[in-house]
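A look at the structure
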Amino acid sequence: MRRFDFLSDNIGYMRRIVCKKGGMLLYLHEQSIMSILGARPAARAVLRGDEKHPGLRGYTDFFPYRCGTVVIAELWGLPQDPEPCASNIFAMHIHATGDCTGDMEMSFSSAGGHYNPKNCPHPAHAGDMPPLFSNRGYAWQGFYTDRFTPSEIMGRSVIIHAKRDDFTTQPSGDAGDRIGCGVILGLR
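The model shown is predicted, which means the values in this text are computed figures rather than measured ones. (Residues numbered from 1 in each chain as written. Predicted model: local features only at pLDDT ≥ 70, side-chain atom pairs only at ≥ 80, totals over all residues. Heavy atoms only, no water.)

What about the sheet that holds strand S9 (residues 178-186)?
- The sheet built from seven strands is open, its strands ordered S5-S8-S9-S1-S2-S3-S7 with antiparallel pairing. Taken across any chain shown, the strands that pair with only one partner, and hence form the sheet edges, are strand S5 (92-95) and strand S7 (139-145). Mean inter-strand twist for the sheet, computed between neighbouring axes without regard to direction, equals 20°.
- Summarising the sheet, strand S8 (residues 157-161) and S9 pair through five bridges and their orientation is antiparallel. Across the sheet, Ser 157 pairs through a bridge with Val 183, a residue of S9. (Pairing = 2+ DSSP bridges. Helix = DSSP H or I, 4+ residues; strand = E, 2+ residues; numbered from the N terminus. Axes fitted to C-alpha atoms, helices over the stretch in contact; angles between N-to-C directions.)

Here it is in structure tokens:
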């Protein structure tokens, strides 16, 4: 089974529902998304964990789409709270600098703050992305954003935080320590 087969089935199901109401726009949209996901991404960040999370690894791919970007992230080795009602949700942001070094006080501190070219309050930074939902240490997500294009974020970094983003606290959502980092590099 290919990685995107289930996405195609879900989009196909949504297409059938919309088509019953008379719309064909989503069918065209489905074809565009599937052709993008079958293509090579324009940029990728290969993620690694900090010293406390050496098993954390993964990637985030960035595909140009219309006036924005389709983002696909896949990670393994996220910390797992074994409690049955633990959230196991992790913030994921694009940070301003493409540097995954750090210091004694903070892992990956050289990545700087959130990518925020329009100087917006949190969570309206261009670098604010949906959180990762871990399933026994594994997370996969895909989404579309028009806050940036792949070319605008090349040379920046993707940071995974130890906690979920509260989408309120300034300037960065009280997302906790930086536990993973990857520099966004062009692939095309």
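Let's talk about the environment of Cys 120
- Position of Cys 120 among the secondary structure elements: in the loop between S5 and strand S6 (132-133).
- As a C-alpha pair, Cys 120 and Pro 171 span 51 residues in sequence and 9.7 Å in three-dimensional space.

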